[in-house]
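So you can see what is in the structure, the chains are spelled out below.
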Amino acid sequence: MKRIKINCYLGLACVLLFFSPVDSHLRFIGPNPYFSYQTFPQDARMFNAGSSIFFLNLTNQGWMGNLDHPEMSPSPNYVATEESVSENYHSSKIAEARFKGTWFAPSVQAIPMVITWNKFKVIPIFSGELDQFQLNSSGEAIGHEEDHNYLIPFESKLSQRNFTGSAGILAVGEIGGSPIGLKFVYQRFEEESPSGYLSYSFNGSETNLNQYNWGWSTVSGCNHIFGISTNIDSFWQNSYTHTRYSLLDFTLGGNIGTHKAAIHIRRHFGKDHYYTYSSSQNDYLKQKWGSQVNKTMLRGYDVFKFLQIGGAQFYMVALVEADFERNPYLWEDIKLEDQFIKNTYAAEVLPFVHFDLSRGGFFRIGTSASLIANNYSYKEIWGSQEVYSHGWATFDWEKPWERSSYGRSYIFTNFSEANLEIVAADKPHLAFRLDFWSHLALHYTDRFYGRNRSDGSGIYSFQQQAHRKNFLRELWMSGTFGFQIGRRISWGLYANLPIYYDPFQTTEITGNSGEYFSGVSNSQPQIRRPLQLQARIIVNW
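Each chain has its residues counted from 1, following the order in which its sequence is written. pLDDT decides what is reported in this predicted model: residues at 70 or higher carry local features, side-chain atom pairs at 80 or more are listed and counted, and totals for whole chains, interfaces and linings draw on all residues regardless. To get the side-chain values, all heavy atoms of the structure are used, and hydrogens and water are removed first.

## Observations regarding the overall build of the protein chain
Formally: Per the convention used, a helix needs a DSSP run of H or I reaching at least four residues, while a strand needs a run of E reaching at least two, with both numbered from the N terminus. Our radius of gyration looks at C-alpha atoms and nothing else; its globule reference is 2.2 Å times the residue count to the power 0.38. When accessible area is computed with a 1.4 Å probe and restricted to protein chains, residues below 20% of their type maximum are described as buried, those above 50% as exposed, and intermediate ones as partly exposed. Whether two residues touch is decided by their heavy atoms; if any such pair falls within 4.5 Å, the residues are in contact. Computed with the Shrake-Rupley method and a 1.4 Å probe, the accessible areas treat only the protein chains shown as cover for residues.
Assigned secondary structure in the protein chain consists of one helix and 27 strands. Relative to a compact globule of 541 residues, whose C-alpha radius of gyration would be 24 Å, the protein chain shows 27 Å and is just as compact. Projected onto the principal axes, the alpha-carbon positions of the protein chain cover approximately 80 × 75 × 40 Å. Within the protein chain, the proportion of its 541 residues that are buried is 49%. Across the protein chain, contacts joining residues at least 24 apart in sequence account for 65% of those joining residues at least 6 apart. Carbon and sulfur atoms form 56% of the exposed surface of the protein chain, whose accessible area is close to 25100 Å².

Next up, the structure:
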């Protein structure tokens, strides 16, 4: 790939707003237009006419969890995917349990051609991702009673496959000598129904369940999925959400003087249907209730150079964003007045410094500070009044079934990254890329729980019964290295390093009746994702 040198502007890195906090960011913002066009479509004007571009990704997530939240870690003692557990059973028998899982998300993004028309370029964009995971478990568990132990042969399976596809178009050119670009993409997400079972033999009796389980643990007594306390246990998937949604994504960007700016609008809509396990029918049944998905994002950002000292070029980025979520509940696909409401507002500033190196290479380092504030509520119609929904609290650590009536949170983030690209040779063109990053996020959350009471005349009011304060500190660290070689046909291979994750959290809940609980959890650091590979192919016809 021909190195394109850009001296007047270098980009944007917004940790929680642009990309996942578990990935590098600076490579997406410039000076390489093959990445930065995603946030600044005007950069696509630097694509070579007649070229074809392909991004290939293979992500092995490493382990999977709850169907609605596959990244969820069930407990600090979680048995990692493909890890086995062996334990002595009496003197002549060893009970072994085997867990083997895969969670792959191969994807491709393709720009089949760059079409030049007068001074404009028209660029079609296509992408697809297949997200599939499967967890197979088998072996023998050891059941414990006061005067006897049992050997429990078992076998289980859980699998699901999802597909995301998109199509769009880029139009770039110049107006009055200033670059301008427009990107429009339509995306569709399709989720297949999961499948699975659990079979085991206990005390001479065979049990076959079409109920799914996930998150195998070495802690006994988690859910008693075998009907008795055992040396291993799992977590029931008592319910899951079945989703179909569409997304419209529009970005308009342009360079005005020394400023490089863009406006990004995203509209997300679809439906969620809920399934709950029925023990009497040994199957998951579709519920009559569901919810609509309605999300709108408005984002504006600008980057400009404000200082140069020798070879050091200093830049500043400013960003503001507002997100509005309105999810009305459904009953037999009929929209109700009851709904979930969430508003999010965010702002970020990012100073960074850039140094040009020989042959078009560069080094840059930056750090950002951002504030995200959001508030949410569950609203229902009681009589003729709109009031908060009932909230269910537990005076312990927050449970998965616990739902507050309303809440608010503030998130402070800092993202720092050092990014280096060295051009080792001109013929053939060979460039090496290396970056390291860290992400610190501090979450302060208040959740409120209560009931609606009538004054006897049909007027309802919300009465608070409990208040929970949560604090979560997250530290993420990782990096990327790789290379790109060739000009007419350019091949690149990049590896995202495993991600180090260190959480610390506290909770405190108080009730009107004097009930109280506080807790501190300082979990051991974890590896949240193994090595991830990405290939990039650029063909200049």
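## So, the packing of aromatic side chains
Threshold: Stacked, tilted and edge-to-face are the three classes assigned to paired rings of Phe, Tyr and Trp, where Trp is represented by its six-membered ring and a pair needs centres within 6.5 Å; plane angles under 30 degrees give stacked, over 60 edge-to-face, the rest tilted. Only when the NZ of Lys or the CZ of Arg is both within 6 Å of the ring centre and within 35 degrees of the ring normal is a charge said to sit over the ring.
Summed over all chains, the structure comprises 33 aromatic pairs. Arranged with centres 6.5 Å apart and planes meeting at 65°, the rings of phenylalanine 471 and phenylalanine 504 form a pair that is edge-to-face. Highlighted residues: phenylalanine 471 in strand 22 (residues 460-485) and phenylalanine 504 in strand 24 (residues 499-511), separated in sequence by 33 residues. With a relative accessible area of 23%, phenylalanine 504 lands in the partly exposed category. Judged by centre distance (4.3 Å) and plane angle (45°), the rings of tryptophan 476 and tyrosine 501 are tilted. Taken together, the residues span a long stretch of sequence, with tryptophan 476 in strand 22 and tyrosine 501 in strand 24 at a distance of 25 residues. There is no split in this pair, since tryptophan 476 and tyrosine 501 are both buried. Ring pairing ties together the aromatic residues Tyr212, Tyr240, Tyr275, Tyr277 and Tyr284, which thus form one cluster. The ring of phenylalanine 40 carries the charged tip of lysine 260 above its face, separated from the ring centre by 4.2 Å.

## Overview of the confidence of the model for the protein chain
Keep this limit in mind: As a per-residue measure, pLDDT reflects the predictor's confidence and takes values from 0 up to 100.
Overall, the predicted model of the protein chain reaches an average pLDDT of 86, with 91% of residues at or above 70. At the level of individual helices and strands, the protein chain shows its lowest average pLDDT in strand 26 (residues 526-529), which scores 71, and its highest in strand 8 (residues 178-191), which scores 95.

## Focus: the pattern of salt bridges
Here the idea is simple: oppositely charged side chains can pair when their charged atoms come close. Threshold: The working definition used for a salt bridge is a side-chain nitrogen of Lys or Arg within 4 Å of a carboxyl oxygen of Asp or Glu.
Enumeration over the complete set of coordinates arrives at 17 salt bridges. A salt bridge links arginine 299 to glutamate 321; the nearest nitrogen and oxygen atoms lie 2.8 Å apart. With arginine 299 in strand 15 (residues 283-309) and glutamate 321 in strand 16 (residues 312-331), this pair connects stretches of sequence that are 22 residues apart. One exposure class covers both arginine 299 and glutamate 321, and it is buried. A salt bridge links arginine 468 to glutamate 402; its shortest N-O distance comes to 3.0 Å. With arginine 468 in strand 22 and glutamate 402 in the loop between strand 19 (385-388) and strand 20 (406-425), the pair connects residues that are 66 residues apart, well separated along the chain.

## Observations regarding unusual backbone geometry
Cis geometry is adopted by the peptide bond preceding proline 428, which originates at lysine 427 and carries an omega value of -10°. On the secondary structure map, proline 428 appears in the loop between strand 20 and strand 21 (430-454). Phi is positive for asparagine 203, which is not a glycine, with a value near 55°. One can find asparagine 203 in the loop between strand 9 (195-202) and strand 10 (205-209). Exposure remark for asparagine 203: the relative accessible area of 58% places this residue in the exposed category.

## Here we look at the nonpolar core
For the record, the criterion: As used here, the term nonpolar core means buried Ala, Val, Leu, Ile, Met, Phe, Trp, Tyr and Cys residues forming a set that is joined through side-chain atoms within 4.5 Å.
Counting residues in each nonpolar core, the largest one holds 29 residues, and the members touching the most others are Ile152, Phe154, Tyr200, Trp216, Phe226 and Ile232. Of all the elements in the fold, those that place two or more residues in this core are strand 3 (93-104), strand 6 (120-144), strand 7 (149-175), strand 9, strand 11 (213-217), strand 12 (233-236) and strand 14 (259-278). Core analysis: the next-biggest nonpolar cluster, separate from the first, contains 15 residues, Tyr37, Ala44, Ile53 and Ile538 among them.

## Quick look at the pairing of strand 14
Counted only if it meets this: When DSSP finds two or more bridges between a pair of strands, those strands are recorded as paired.
For strand 13 (residues 239-256) and strand 14, the ladder comprises 18 bridges, and the chain directions are antiparallel. Note on strand 14: the bridge partner recorded for leucine 248 is arginine 267. As consecutive antiparallel partners, strand 13 and strand 14 are separated by two residues, and within that stretch glycine 257 has a phi angle of approximately 65°, a positive value. Relative to strand 15, strand 14 runs antiparallel, the two sharing 19 bridges.

## A short note on the side chain of serine 159
Of note, serine 159 is situated in strand 7. Those residues within four positions of serine 159 in sequence are excluded, and the remaining contacts are Phe133, Gln134, Pro194 and Ser195.

## Points about the pairing of strand 8
Across 14 bridges, strand 7 lies against strand 8 in antiparallel orientation. Within the sheet, the bridge partner assigned to isoleucine 169 lies in strand 8 and is phenylalanine 184. Hairpin connection, strand 7 to strand 8: the antiparallel pair is bridged by two residues, and glycine 176 has positive phi, about 65°. Bridge count for strand 8 against strand 13 is eleven bridges, and the pairing is antiparallel. Counterpart to glycine 181 in the pairing with strand 13 is glycine 253.

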